[in-house]
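# Survey of secondary and tertiary structure
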Amino acid sequence: MDEGVLPSWNDGSIRTAIVDFVTKVTKQGSADFVPPPERIAVFDNDGTLWAEWPLFVQIYFALDRLGELANADPSMRDKQPYKAFLEHDLKTIANFSRKDALLPAMATHAGVTEEDFAATVDRWFASAKHPKLGRAFTDCAYRPQRELLDYLRANGFKTFIVTGGGVDFVRRIAGQLYGVPPEQVVGSSLKAHFETFGGTVTVRKLAEIGSFDDREEKVVNIVLHIGRRPIFAFGNSDGDLAMLRYTLAGEGARLGMLLHHDDAEREFAYDRAFRVSPLGEALDQAAALGIQVVGMKENWKTIF
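Quick caveat: nothing in here was measured; it's all calculated off a predicted structure.

According to the stated counting rule, one finds 13 salt bridges in the structure shown. As a salt-bridge pair, Arg172 and Asp122 come within 2.6 Å of each other at their nearest N and O atoms. Of the two residues, Arg172 is situated in helix H8 (residues 167-178) and Asp122 in helix H6 (residues 114-127); the sequence distance between them amounts to 50 residues. You can call Arg172 partly exposed: its relative accessible area is 37%. Close ionic contact of Asp150 with Arg153 constitutes a salt bridge, the shortest N to O distance being 2.7 Å. Of this pair, Asp150 and Arg153 are both found in helix H7 (residues 143-154), three residues apart, which corresponds to roughly one turn of the helix. Among the charged side chains, a network of salt bridges with common partners joins Asp44, Lys218 and Asp240.

Here you go:
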């Protein structure tokens, strides 16, 4: 195997499975050949492409932003899940469901134009650091995954991010970190409305969830926004199981993978007990469904 392919991945069955899969679906005349327009690969973001523990990156953004919103609406300070965020009660937040944990993060979009929100996110990323890893959040992306994304694209794949995080938030960094353009990011969203004012035409976000992109809703949004069944999917939690099952249920050659955080020394080790984004059901079903489990400790030479 070419040592220049996926250099941050250790030799072994996982790296071999990736290379063998890509080889057979791209080889003209192969029984498994897939035309380039049908080479769709989908990746979850939080915990799959960058660090998500002990809290999602967007939650840290919300922790910094919600104080401004609460000044305008003091009633937020007495309502959960906003109360926990405003009090920086990390223990309580860690026990929220994924949706409850992301609701306050999504609230930071409400009433803001798309341009103003983009500028706010860019300013935050310019200086914000991960409290546990001590590095910029933009330095918390996984090197092996960027190599994998690049490898797939070099072989005619179109790569999409399908995330439970806010679509507008992830679009601001998807190109820089992953080489994925904004139109290839599918995520949770707020409803919005078109408005004109003083000759300016823009879109303003409303304080109402449009789509919460998790579990089965990920598949619904793949159909809605991509329009093709993926042949490759990579996730890291039970929230990605439906997307993996949908990918693997199609005809022809397919590959589905789960990243298992099992490296406390170089990153973090967690799965079932991580309330916000558990990996239990998917781990239990992986073998029966043909999902490859990628252990950080065994399969990655380096992480960041």
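The rest of the description comes next.
The next thing to look at is the pairing of strand E1 (residues 40-43). Alternating positions in E1 separate into two faces, Ile40 and Val42 on one and Ala41 and Phe43 on the other, with burial throughout. Both E1 and strand E2 (residues 158-166) contribute to a ladder of four bridges, which runs parallel. Paired with Val42 across the bridge in E2 is Phe160. Note: E1 against strand E5 (residues 232-235), three bridges, orientation parallel. Paired with Val42 across the strands is Ala233, a residue of E5.

With that settled, the discussion passes to helix H1 (residues 13-26). Compared with the 20 Å implied by 1.5 Å per residue over 14 residues, the 20 Å span of H1 between its first and last C-alpha is a close match. If you follow the buried residues of H1, they end up packed against H7, E5, strand E6 (255-260), strand E7 (292-295) and helix H12 (296-299).

Look at H1 against H7: their axes get within 11 Å of each other, and the N-to-C directions meet at 15 degrees. On the basis of their axis angle, the class for H1 and H7 is roughly parallel. Both H1 and H7 take part in a crossing whose hand is right-handed. Counted together, Ile18, Val19 and Val22 of H1 and Leu148, Tyr151 and Leu152 of H7 form the full contact between these two elements. Of the residues in the contact of H1 with H7, the class split is six nonpolar, no polar and no charged.

The next point concerns the nonpolar core. If you look at the biggest cluster of nonpolar residues, it comprises 79 residues, and the most contacted ones within it are Leu148, Phe169, Tyr178 and Phe232. Looking at which element gives the most residues to this core, the answer is helix H2 (residues 57-72), with nine residues. Setting aside residues up to four positions removed in sequence, Tyr178 forms contacts with Asn45, Leu49, Trp50, Ala141, Arg146, Leu149, Arg153, Ile161 and Ile173. Counting 19 residues, the second largest nonpolar core, distinct from the first, contains Val186, Val219, Ala233 and Ala282.

Among the six residues in E6, six count as buried, and that is most of the element. Both faces of E6 are covered, namely the face carrying Leu255, Met257 and Leu259 and the face carrying Gly256, Leu258 and His260. By the bridge criterion, four bridges tie E5 to E6 in an arrangement that is parallel. Considered in E6, the bridge of Ala233 is made with Gly256. The handedness of the E5 to E6 crossover, carried by helix H10 (residues 241-248), is right-handed. Crossover connection from E6 via helix H11 (residues 281-289) to parallel E7: handedness right-handed.

A word on the packing of aromatic side chains. Under the definition given, this model contains 20 aromatic pairs. A ring pair is formed by Trp124 and Phe125, whose centres lie 5.2 Å apart and whose planes are at 70 degrees; its orientation type is edge-to-face. For the residue pair Trp124 and Phe125, the accessibility class agrees, reading buried in each case.

Right, let's talk about the packing of H6 against H8 for a bit. Each pair of packed helices can be described by the angle between their axes along with the distance between the axes. Taken N-terminus to C-terminus, the directions of H6 and H8 make an angle of 55 degrees; their axes are 10 Å apart at the nearest point. One way to sum up the angle between H6 and H8 is to call them oblique. Seen along the crossing, H6 lies across H8 with a hand that is right-handed. Contacts between H6 and H8 involve Phe117, Ala118, Val121, Asp122, Trp124 and Phe125 on the former and, on the latter, Asp168, Phe169, Arg172 and Ile173. Grouping the amino acids of the contact of H6 with H8 by side-chain chemistry returns seven nonpolar, no polar and three charged.

About the thresholds
- Residues numbered from 1 in each chain as written.
- Predicted model: local features only at pLDDT ≥ 70, side-chain atom pairs only at ≥ 80, totals over all residues.
- Heavy atoms only, no water.
- Salt bridge = Lys/Arg side-chain N within 4 Å of Asp/Glu carboxyl O.
- Helix = DSSP H or I, 4+ residues; strand = E, 2+ residues; numbered from the N terminus.
- Buried < 20%, exposed > 50% of the residue type's maximum accessible area, 1.4 Å probe, protein only.
- Pairing = 2+ DSSP bridges.
- Expected span 1.5 Å × (residues − 1).
- Contact = heavy atoms within 4.5 Å.
- Axes fitted to C-alpha atoms, helices over the stretch in contact; angles between N-to-C directions.
- Parallel < 35°, antiparallel > 145°, perpendicular 65-115°, else oblique.
- Left-handed = near helix turned anticlockwise from the far one by under 90°.
- Nonpolar A, V, L, I, M, F, W, Y, C, P; charged D, E, K, R; others polar.
- Core = buried A, V, L, I, M, F, W, Y, C linked by side-chain atoms within 4.5 Å.
- Right-handed = clockwise from strand over helix to strand, strands pointing away.
- Phe/Tyr/Trp six-rings, centres within 6.5 Å; stacked < 30°, edge-to-face > 60°.

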